[in-house]
Amino acid sequence: MGCCGGGCGKQNGEETLHHELNTEPRAFVIDRMWEEAENIRTFVFKGTLHAKPGQFCMLWIPECDEKPFSIARDYDGEIWLTICKVGPATTRLFEMKAGDYVGIRGAYGQGFSTALTPSPSPKGRGEHSKVVLIGGGYGTAPLHFTGKCHQDAGSDVTMIIGARHKNLLIWEKESKDSGFRTLVATNDGSAGIQGFTTHILEDLLKNEAIDLVQTCGPEKMMRAIVEMCIDQGVPCEVSVERYMKCGFGICGQCVVETGEKMCQTGPVVSAEKAMTFSDFGVFHRGAEGQRKNW
Amino acid sequence: MKNLHVNFCGVAFKNPLVLASGVLGVTAPSLSRVIELGAGGITTKSLWREPHPGHPNPTMFGTKEYFMNAVGLSDAGLVKGVQTMKELRERTKEPIIANIVAGNIQDFGAIAEAIAELSPDAIEVNISCPNVESEFGKPFACSRIDAAAVTKLVRANVGDIPIAIKLSPNVESIVDIAKAVVDAGADAITAINTVGPGMRWNIDLRTPILSNRVGGVSGPAIFPIAVKAVYDIHAALPNTPIIATGGVNSGRDALEIMMAGGTLVGVGTAIYYHGDATWKKFTDEMSQWLEKSEFETLSDIIGIFHKA
């Protein structure tokens, strides 16, 4: 089944009354898992969150903690989460086995625009839209899902994947297997070009007509991408990661400097919107609200 | 057009709706945006002297009828609290109520003194959080003696700044506690903090949903308990202003709890149900009702049920 035929969530901007959200975690069983890269693993759960690519969910490891994760896939009756082991909660998760139970709630927030409005192309190109997706590190996780939805809508998808080293690249094979043009950058040149995803994008923007850029990854990378896209007049969306605690607009942990909540207004926002956040690419906040520079 | 102005302990509020403590309170931009959306004033998150980590997630969830939380009063401590207060003052001219908390009576005195230097419009003293019992034992709001001792020390340390003591409904007589703190120098009462604590489990995981196992109950289900507490306190202490809070979920609810005795109305969990639209929606309902009523000012309705 096509990805968006599986029932993507509500469209961006469509209001969801908060009490319609299922804010109690539901039990899901780990169906299977595999290593994507060093300390990065994809977990598969049976069921659906009716998620749209770019949305996130809260994964609860009972009697440990609950953390936000972007949704790597939600179609064909399966939810995939690609997770990097970074702290006590994910360490506990990595000790779990197929058949173990976790709690999940969501999907929350605004995702990437995937049903492209067929507006007249500013560069006068053909009927299909040309989309460039850029993932940095484990920020690549939600972009294959995004690309599949674009592909279903008839768009031409280019995926740029960046990592420090080839051992940390994720979703490269799936991207190629799905027929996306797949371009890779590593800091040390161990795969693809030596350099950053922004170097690849710079080339593409120079030589090709691009209708939409969507990115998820380190915020400094996204800030550079946003500036390039605004400069070139190319629409761009970014996933702005902030400390998500409740996920539904009550706790205030995830607000940016405009006071807007990234769990509801974001995490995916337009490049223009992101540039109104004076903290975008500069700092974020920790669990007790203290500033932390990127 | 009649306006919604009220006066609370000498402080003018453009409308009686104040953001309740603990909701959207982590940063100054978040709090000042609530003012932009239409709140009459804001209450900060509970400010600690030292950093306090709070509980791991899950810390809250909601249903149509009620909401539960056990955030555990997470806060980065006084340095960040001072920074937030200063930034907030630069961002808004509307009243700021600084909510303070501590684990012992001496620390209440110290945090009160430090926060008073920033000249908030009022100080709300949280002696009633039900979610830190495992850490600190029964809240001070459960004992007349402890509640009065905290009040007396805070009163002595904050000069002329009005103080409101936030009380718990989870006591034999909230009125007795209210009388004790007013005798000890409180200018106002905030009633009520969350109810319970309560407990909910996930039947498939056989695990309590909140990491703290128990949590305070808020939302529409507790509104009748809040109305009665406010009614009883106003009956006993008619000259003591009340910040009436607990399950207020519409403009009509706000009017009702004011008629029971509230001067200000704390709004928190309603944001779960109505989002950013909460403030305008509620004040519009209140304005429309007031316009059609025989009352000239909103202050005229405070405690009106007691005259019936």
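Refer to the structure presented above.
Residues numbered from 1 in each chain as written. Chains lettered and ligands numbered in written order. Predicted model: local features only at pLDDT ≥ 70, side-chain atom pairs only at ≥ 80, totals over all residues. Heavy atoms only, no water.

### Some remarks on the overall build of chain B
Then comes step 1: Counting its secondary structure elements, chain B contains 10 helices and 16 strands.
Then comes step 2: Taking 2.2 N^0.38 as the reference for a compact globule, 308 residues should give roughly 19 Å; the C-alpha atoms of chain B span a radius of gyration of 18 Å, in line with that estimate.
Then comes step 3: Seen through its principal axes, chain B has C-alpha atoms that stretch 50 × 50 × 40 Å.
Then comes step 4: Per-residue burial for chain B yields a buried fraction of 64% across its 308 residues.
Then comes step 5: Across chain B, contacts joining residues at least 24 apart in sequence account for 72% of those joining residues at least 6 apart.
Then comes step 6: Carbon and sulfur atoms form 52% of the exposed surface of chain B, whose accessible area is close to 11500 Å². (Helix = DSSP H or I, 4+ residues; strand = E, 2+ residues; numbered from the N terminus. Rg over C-alpha atoms; globule rule 2.2 N^0.38 Å. Buried < 20%, exposed > 50% of the residue type's maximum accessible area, 1.4 Å probe, protein only. Contact = heavy atoms within 4.5 Å. Areas by Shrake-Rupley, 256 points an atom, 1.4 Å probe, with all protein chains shown as cover.)

### Digging into helix H3 (residues 105-116) of chain B
All names here are of chain B.
Then comes step 1: Spanning 12 residues, H3 covers 17 Å between terminal C-alpha atoms, matching the ideal 16 Å at 1.5 Å per step.
Then comes step 2: Taken as a whole, H3 has its buried residues at Phe108, Gly109, Ile111, Ala112, Ala114, Ile115 and Ala116.
Then comes step 3: Here the buried face of H3 lies against helix H2 (78-91), strand S7 (96-100), strand S8 (122-126) and helix H5 (144-157).
Then comes step 4: Between the side-chain oxygen at the start of H3 and the backbone nitrogen of Gln106 there is a gap of 3.2 Å, and the oxygen is on Asn104. (Expected span 1.5 Å × (residues − 1). Polar contact = N/O pair within 3.5 Å; in protein donor to acceptor, adjacent residues only side chain to side chain.)

### Re the interface of chain B and chain A
Then comes step 1: Listed per partner, the contact involves 41 residues of chain B and 37 residues of chain A.
Then comes step 2: Both sides together, the interface formed by chain B and chain A hides about 3200 Å², and carbon and sulfur atoms give 59% of it.
Then comes step 3: Scanning the region where chain B abuts chain A turns up 2 salt bridges.
Then comes step 4: Across the pair Lys261 of chain A and Asp276 of chain B runs a salt bridge whose closest N-O atoms are separated by 3.1 Å.
Then comes step 5: Applying the counting criterion to the chain B and chain A interface returns 10 residue pairs in polar contact (both at pLDDT 80 or more).
Then comes step 6: At the level of elements, helix H1 (28-36), strand S5 (60-62), H2, strand S13 (207-208) and helix H9 (270-274) of chain B are the ones that each hand at least two residues to the side of chain B that touches chain A.
Then comes step 7: For the side of chain B that touches chain A, the per-class residue count stands at 18 nonpolar, 14 polar and 9 charged. (Buried area = accessible area lost by both parts, 1.4 Å probe. Salt bridge = Lys/Arg side-chain N within 4 Å of Asp/Glu carboxyl O. Nonpolar A, V, L, I, M, F, W, Y, C, P; charged D, E, K, R; others polar.)

### Things to note about unusual backbone geometry
Leaving glycine out, the prevailing phi sign among residues is negative, and the prevailing peptide bond configuration is trans.
Then comes step 1: The omega torsion across Asn57 of chain B and Pro58 of chain B is -5°, close enough to zero to call that bond cis.
Then comes step 2: If you trace the backbone, Pro58 of chain B turns up in the loop between strand S4 (41-43) and S5.
Then comes step 3: Put simply, Ala191 of chain B and Ile192 of chain B share a cis peptide bond, and its omega is 10°.
Then comes step 4: Examined against the element boundaries, Ile192 of chain B turns out to sit in the loop between strand S10 (188-191) and strand S11 (195-199).
Then comes step 5: Positive phi is not limited to glycine here, since Glu63 of chain A has a value of about 60°.
Then comes step 6: Along the chain, Glu63 of chain A turns up in the loop between strand S3 (56-61) and strand S4 (65-70).
Then comes step 7: For Glu63 of chain A, a relative accessible area of 65% gives the class exposed.

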